[in-house]
Amino acid sequence: MIPYTVNIKLAARTLTGTLNLQNKAAVDWGWQGLIAQGCHSSILIIDPKTSQTIQVLEKHKANVVKVRWSRENYYHNLSSPYCLRLASGDASGKIIVWDVVSGTPHCEIQEHSKPIQDLEWLWNQDASRDLLLAIHPPNYIVLWNGDTGTKLWKKSYAENILSFSFDPFDSSNMALLTSEGIVFITDFSHSKPPSSAGKKVYIASPHASPAHNKPAPTAAPVPTGAKKALNKVKVLITNEKPTAEAVTLNDCLQLSYLPSKRNHMLLLYPREILILDLELSQTVGVVAIERSGVPFLQVIPCAQRDALYCLHENGCITLRVCRSTITPDEQSVYELMYDLRSQCDAIRVTKTVRPYRMVICPVNENNAALMVSDGRAMLWELKAHTGKAVNPSSGLSPLFTPVSFCGAPLGLNQKTIQDLSLNSMIGQTLIAGEALTPTSNQQEVQLKFLLTGLLSGLPLPPFALRMCPPLTTKNINHYQPLLAIGTSNGSVLVYNLTSGLLHKELSVHSCEVRGIEWVSLTSFLSFATSAPNNMGLVRNELQHVDLPTGRCFAFRGERGNDEPPIEMIKVSHLKQYLVVVFRDKPLELWDTRTGTLLREMAKNFPTVTALEWSPSHNLKSLKKKQMAAREAIARQTVSDAEQSSVESSVISLLQDAESKSETSQAISAREHFVFTDTDGQVYHITVEGNTVKDGARIPPDGSMGSIACIAWKGDTLVLGDVDGNLNFWDLKARLSRGIPTHRGWVKKIRFAPGKGNQKLLVMYTDGAEVWDTKEVQMVSSMRIGRNVNYRIIDIDWCTSDKVVLASDDGCIRVLEMAMKSASYRMDEQDLTDPVWCPYLLVPRAALTLKAFLLLQPWAGSFTMDITQVDYNEKGEIKGLIQEQLNSLSNDMKSVLQDPELSLLQRCLLVSRLFGDESDLNFWTVAYHYLQSFAQARQLSVSAAEGPARSEGAQPSPQGHLDICHDILCESSYFQKFQLDRVHLQEVKRSSYEHTKKCADQLLLLGQTDRAVQLLLETSADNSSYYCDSLKACLVTTITSSGPSQSTIKLVATNMIANGKLAEGVQLLCLIDKAADACRYLQTYGEWNRAAWLAKVRLSPAESSDVLKRWAEHLCSSQVNQKSKAILVLLSLGCFYKVGEMLCNMRHFDRAALFIEACLQHGVMETTFRTETISILHVYYARMLRSLGLREGAALWASRAGSAGEQLMEELFQGEGAPKETHFCPDSSHQV
């Protein structure tokens, strides 16, 4: 019986190496938790948590230039499952949408033949999640259906488009970075191409800006030194085309909207990052690098906090966090300052090694990956350490971390996960008007980068490949499929092909490795030759390497200096002898077991062009003779009767042991090799012990050219020549057959391993072929230019039906015998470390796993074992789900099994684990407002005896919702933020246009005094001087008397009717008729503006009406943004309406858990429309039943009361009474 089995079923795979320059921008980190990276024409899928390559996608013929994971912000169910979908574009203009798990292309798209400039999945509407926007050079934007590959629309622009960025807050806005400037599009829609050509603005380079010479506004104190330099960057965006010397546009490396706050954009230059406020088209912040600093390559703005990850040219990643704008001296708020809070180590940059791109994890924003040109991927994690700053004189304000977990204050015994996400590591950036006092639930922290993973690729080609000896019945117990790869820098890499991971890297030689031959399963010989001197002589290195110990020794001892180069080495079939062939010197014959030189051939020995050992030998007959001799000795010894009672098996064991030791020492079996000389004559030589005999010679075949290689297996001998002819000899039948392949020089031929396997692998200069030597016919072929775009530099068999090819694109591919480049199924892989990725499961299993984690505890106990739950499903699927559960970190498991974890915290945590963008947004907003309204309710109950509470004020102890949620934030915080922003705009304005916009904004915000000051600044020679003066008078003299109000209202409505919407709205705001203004804005389709105005000007009740109308508008079929409408209703506390909408949208699990959370928080009466709630419970129970979770289904059906009775009967047919079910111990809604 075999003690353990070895998995020798090798998956087809690709080992990748250095990147091509065109792969520079081809990297993306998806919500699914995986990184996709282009490497030449392949795409690697990397799991950053375990630092493993888990898939390589092969289908592109050209270099991959862009990759994009699809977004996950849609509700997931069986019809819209969790799936790994990736779009990739290559240098020939082809876009492929992949199903990554199976490794197959879902659809292929081709429009033009130039490299794709940019790709993005549209994520901002509920109608379809298949829309893919692409830039096809030079100037086309095309919207594709990524599911079917059909073109929806195409639009061309005047300039070459380099890249684009979508406004994360408003899907109709996007910006194109063109070769001349920026084009802003405000009417982007998936249903039709933008109608206008967009608003074109030019970027004057910061250094060429004419505003350099303008004096700073007198209101501000005169800054010094560096501040002065920064202040000069005033105007950056102009509508006029700048003068020729001012156009240094190609400087601008990148443009992107800030996802952390609305209407802000960053422009990246090599030495500075400019933060623009798009309402003013004005720089409001600059991050500049000192003169001695390292220039920027790329910047990624975060959404959870106003922070920037910056990549520098030396491979260093820095994190800069926006400084709080609250300062003792109000006047000193000049810029948005981004303070350097952490940086990682740089890499050693050389000609061939330079940083390419950085990506950050979109779910948690606290992990970064750096892609280096040599194929390395460095995975950095941001860690927060509590404690005071080491260098307090740095002048940085302290960073505080909220002491909470998943949005709630920490319980006394509650388990947490350290550094879960960026917003749990750093508190919110404070703004003017907020208190700075660090409360008890904040701690000061320092941030540090930690290298948590490193993937390295193969070095630069050329490579020399050799697979270890094949698997046999004798070595099956300890066999490992190892591939030795000799490299150009002299090291030998040994890869285990089961896992595809590097097993050992051995520094063996000082120059390029030319060839490798294994002498056992754990040792090999490799040779390298240095560059020739002026006499054509080289230094030869032939090393023997023992793998387990890593010990190397020079096999030829002192020999090797100043001699002709070694051409090849060949080890005999029994690994007894070694032939070393030189270029202009007779060959040497060595004994590999003792390391002794058996024979150095005479000077007149013919020049060898090709050589091969024969597979035939006399070891068996020798062993038989030896065994006979041993038995004779044994018979003589065991003559006594007593001794004959010793079991014969013991004797045979002794004999066996003796014969084995004998074989390894004394037995020298007879082996043969054949070789050809320059004339094509075939020589046959026999070696036995240290005797070498010359055998028969076969005259050259007239049809063959100079023989380049020989292969011999069984009774078949194959010769290949420099003209592309193959000659098949059948030694038994004494027949030979020549086949011209017309493919030029036959570089190498190798027989496949395995008894009776007569397949032959042939390598040419332009590709490779597999032949069946029994039938003498070709099985498969690959040729450069026809079906691949790489040149093959070495070949070998790795199993009896798989070949391994090294190619000049730096990759090594394990392929089926058909040699079709194919991706493999991820679920068939044998990974060293288990990977947490629910997307790898079949859709139903992924949803079951999610429900299993959400509905803890099961039958009253918290468990991470799916088998403890009543779950009827095939064992195979159960096993896969259990593998996923086992791959979770211990911290995560203990938190998920913590009874202190509330239902809402669990929902938030699971949505993070799944990378479910839609879930995460919903539960973040739901949690915040459920807490906020629950507390308001408690206060109103406790204050019922005391003074009445002002309506709608929602106290929220856990701070406010982050400003990245924009309109969903509390009104009070939103107002403060807008005032802070206008104050900054005011300081930064540098033209009359800017001043006018600031004054308008101040009037809308109700800051009349400041607005009047700005209006009075208008100079007398300005055409608007009279208008602005009158407006200032009007603002100061407005009284609340009836007649003046009605006049102004009449004027305002007339203005609006005649197309002056903004001016009319301003007038209405002056007379406190902001609610009317909002209605007008909504009537004219300015929904976002109306929502903004409602948040900053209206009372909670009025504001609520405006936002409810907006929510209705979002639900309409033309807009189709129901998910956004739900978030708006959550912020208004319309929880019942939210539950109803979720139910109508058939989001049953989300609806049921949300209603449960509402009941637990006491913001919904248990008696409140119980019928609807019970119907929802039945729907959810049916959904759980469809997933196979019978226990969960019974729990929710039992809650539905009479409505769930029928389902309960169906669930427990023929099983008697249903067993009792339990739910969370903290549930206030027990059944």
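Residues numbered from 1 in each chain as written. Predicted model: local features only at pLDDT ≥ 70, side-chain atom pairs only at ≥ 80, totals over all residues. Heavy atoms only, no water.

What about the overall build of the chain?
The following threshold applies: The helix count covers DSSP runs of H or I at least four residues long, the strand count covers runs of E at least two residues long, and both are numbered beginning at the N terminus. Each residue gets one of three labels from its accessible area relative to the maximum for its type: buried under 20%, exposed over 50%, partly exposed in between, using a 1.4 Å probe on protein chains only. Any two residues having at least one pair of non-hydrogen atoms within 4.5 Å are treated as being in contact. Accessible areas in this description were obtained via Shrake-Rupley with a 1.4 Å probe; residue shielding takes into account the shown protein chains only.
Looking only at helices and strands, the chain features 25 helices and 60 strands. Split into buried and exposed, the 1231 residues of the chain put 55% on the buried side. Intrachain contacts of the chain at a sequence separation of at least 6 include 56% that bridge at least 24 residues. For the chain, the computed accessible surface area is about 52800 Å², with 52% contributed by carbon and sulfur atoms.

Details of the confidence of the model for the chain
In plain terms, the rule: Every residue gets a pLDDT, meaning the predictor's confidence in that residue, from 0 to 100.
With 87% of its residues at a pLDDT of 70 or more, the chain shows a mean pLDDT of 84. In the predicted structure, residues 208-235 sits below a pLDDT of 50 and forms 37 contacts with residues beyond four places in sequence or in another chain. pLDDT under 50 marks residues 947-957. Its contacts with residues more than four places away, or in other chains, come to 18 contacts.

Some thoughts on the sheet that holds strand E46 (residues 610-617)
Heads up, the rule is: The pairing criterion is simple: DSSP has to find at least two bridges between the two strands. Axes here refer to lines fitted to C-alpha atoms; in helices the fit is confined to the stretch in contact. Angles between the N-to-C directions go from 0 to 180 degrees.
Read from one edge of the open sheet, 4 strands run E46-E47-E48-E49, paired in antiparallel fashion. The outermost strands of the open sheet, each flanked by one partner alone, are E46 and strand E49 (691-698). Pairs of neighbouring strands in the sheet enclose a mean axial angle of 25°, with direction left out of account. With 6 bridges connecting them, strand E48 (residues 682-688) and E49 associate as antiparallel partners. For Val682, the partnering residue across the bridge sits in E49 and is Ile698.

What about the pattern of salt bridges?
Heads up, the rule is: Salt bridge, as applied in this entry: a Lys or Arg side-chain nitrogen positioned within 4 Å of an Asp or Glu carboxyl oxygen.
Counted according to the given criterion, the structure contains 57 salt bridges. Among the salt bridges present, the one from Glu769 reaches Arg743, with a minimum N-O distance of 3.1 Å. Within this pair, whereas Glu769 is found in strand E56 (residues 767-772), its partner Arg743 is found in the loop between strand E53 (735-740) and strand E54 (746-751), the two being separated by 26 residues in sequence. A single burial state applies to Glu769 and to Arg743, both of which are buried. The salt bridge involving Arg989 is made with Glu1017; its shortest N-O contact spans 2.8 Å. One end of the pair, Arg989, is in the loop between helix H11 (971-988) and helix H12 (992-1004); the other, Glu1017, is in the loop between helix H13 (1008-1015) and helix H14 (1025-1037), with 28 residues separating them in the sequence. One salt-bridge network, held together by shared partners, links Arg556, Arg559, Glu563, Lys585, Glu588 and Glu600.

Some points on the side chain of Asp809
Where we set the bar: In protein, a polar contact means a hydrogen-donor-capable atom and an acceptor-capable atom, both N or O and within 3.5 Å, with residues adjacent in sequence counting only if both atoms are side-chain atoms; elsewhere, any N or O pair within 3.5 Å suffices.
Along the chain, Asp809 turns up in the loop between strand E59 (802-807) and strand E60 (812-816). Only 2.6 Å separates the side chain of Asp809 from the side chain of Ser807, close enough to count as a polar contact. Apart from the residues within four sequence positions on either side, Asp809 is in contact with Thr18, His40 and Tyr790.

Regarding the packing of aromatic side chains
So the rule is basically this: Side-chain rings of Phe, Tyr and Trp (the six-membered ring for Trp) are treated as a pair once their centres are within 6.5 Å; stacked means planes under 30 degrees apart, edge-to-face means over 60, and tilted covers the remaining angles.
In total, this model carries 24 aromatic pairs according to the counting rule given. Ring centres 6.3 Å apart and planes at 45° place the aromatic pair Tyr929 and Phe933 in the tilted group. Here the residue Tyr929 and the residue Phe933 both occupy positions in helix H10 (residues 917-942), the gap between them amounting to 4 residues, near one helical turn. Considered together, Tyr929 and Phe933 belong to a single accessibility category, that of buried residues.

Topic: helix H19 (residues 1100-1115)
Since one α-helical turn is 3.6 residues long, residues separated by three or four positions face the same way. Condition: Given the number of residues in a helix, its expected span is that number minus one, multiplied by 1.5 Å. Here, the arc refers to the directions that run from the helix axis to the C-beta atoms.
Counted at 1.5 Å a residue, the expected span for H19 with its 16 residues is 22 Å, and the 22 Å between its end C-alpha atoms agrees. Buried within H19 we find Ser1103, Ser1104, Val1106, Leu1107, Trp1110, Ala1111 and Leu1114. In a view along the axis of H19, the buried residues occupy a sector of 165°, so they form one face of it.

Some thoughts on the pairing of strand E5 (residues 52-58)
Most of E5 is tucked away, with 6 of its 7 residues classed as buried. Sheet topology note: the strand E4 (residues 42-47)/E5 ladder contains 6 bridges and is antiparallel. Opposite Ile45, over in E5, you have Gln55 as the bridge partner. Hairpin remark: E4 followed by E5, antiparallel, with 4 residues in the connecting loop; positive phi at Ser51, about 55°.

Regarding the pairing of strand E13 (residues 151-156)
Where strand E12 (residues 140-145) lies against E13, 5 bridges are found, and the strand directions are antiparallel. Pairing of Ile141 across the sheet is with Lys155, part of E13. Where E12 folds back on E13, the antiparallel hairpin that results is connected by 5 residues, among which Gly149 adopts a positive phi of roughly 80°.

What to know about a positive patch on the surface
Where we set the bar: Like charges within 9 Å and nonpolar side chains (Val, Leu, Ile, Met, Phe, Trp, Tyr) within 5 Å are joined into patches, using only residues over 30% in relative accessible area that form no salt bridge. Only four residue types enter the charge count: Lys and Arg as positive, Asp and Glu as negative, with His and the chain ends excluded. By convention, the charge on Lys lies at NZ, on Arg at CZ, on Asp at CG and on Glu at CD.
A surface patch of like charges, here positive, comprises Lys474, Lys620, Lys623, Lys624 and Lys755. Locating Lys624 in the fold gives a position in helix H3 (residues 619-637). The exposed category is assigned to Lys624, whose relative accessible area is 67%.

Describing the sheet that holds E4
Taken in spatial order, the 4 strands line up as E2-E3-E4-E5 in an open sheet, and their pairing is antiparallel. Edge positions in the open sheet fall to strand E2 (27-29) and E5, since each of these has one partner strand only. Sheet twist, expressed as the mean angle between neighbouring strand axes with direction ignored, is 20°. As judged from the 5 bridges shared by strand E3 (residues 35-39) and E4, these two strands associate in the antiparallel manner. Within E4, the position partnered with Ile35 by the bridge is Ile46.

Let's talk about the packing of H12 against H13
For clarity, the cut-off: The labels follow the angle: roughly parallel below 35 degrees, roughly antiparallel above 145, roughly perpendicular from 65 to 115, and oblique for the rest. In this scheme the handedness of a crossing depends on how the near helix is turned from the far one: anticlockwise by less than a right angle means left-handed, clockwise means right-handed.
Running from N to C, H12 and H13 cross one another at 160°; their axes reach a closest spacing of 8 Å. Judged on the interaxial angle alone, H13 and H12 are roughly antiparallel. The way H12 lies across H13 gives a crossing that is left-handed. Residues Thr995, Cys998, Ala999, Leu1002 and Leu1003 of H12 touch H13, and the partners they reach there are Thr1008, Arg1010, Ala1011, Leu1014 and Leu1015.

Concerning the packing of helix H22 (residues 1148-1161) against helix H23 (residues 1170-1187)
This is how it is decided: By the convention adopted, Pro, Cys, Tyr, Trp, Phe, Met, Ile, Leu, Val and Ala count as nonpolar, Lys, Arg, Asp and Glu as charged, and the other residues, Gly among them, as polar.
Close contact between H22 and H23 brings their axes to 9 Å; oriented N to C, the two are set at 130°. Classified by the interaxial angle, the pair formed by H22 and H23 is oblique. H22 and H23 meet at a crossing whose hand is left-handed. For the pair H22 and H23, the contacting residues are Phe1148, Asp1149, Ala1151, Ala1152, Leu1153 and Ile1155 in the first and Ile1173, Leu1176, Tyr1179, Tyr1180 and Met1183 in the second. Its residues placed into classes, the contact of H22 with H23 shows 10 nonpolar, no polar and 1 charged.

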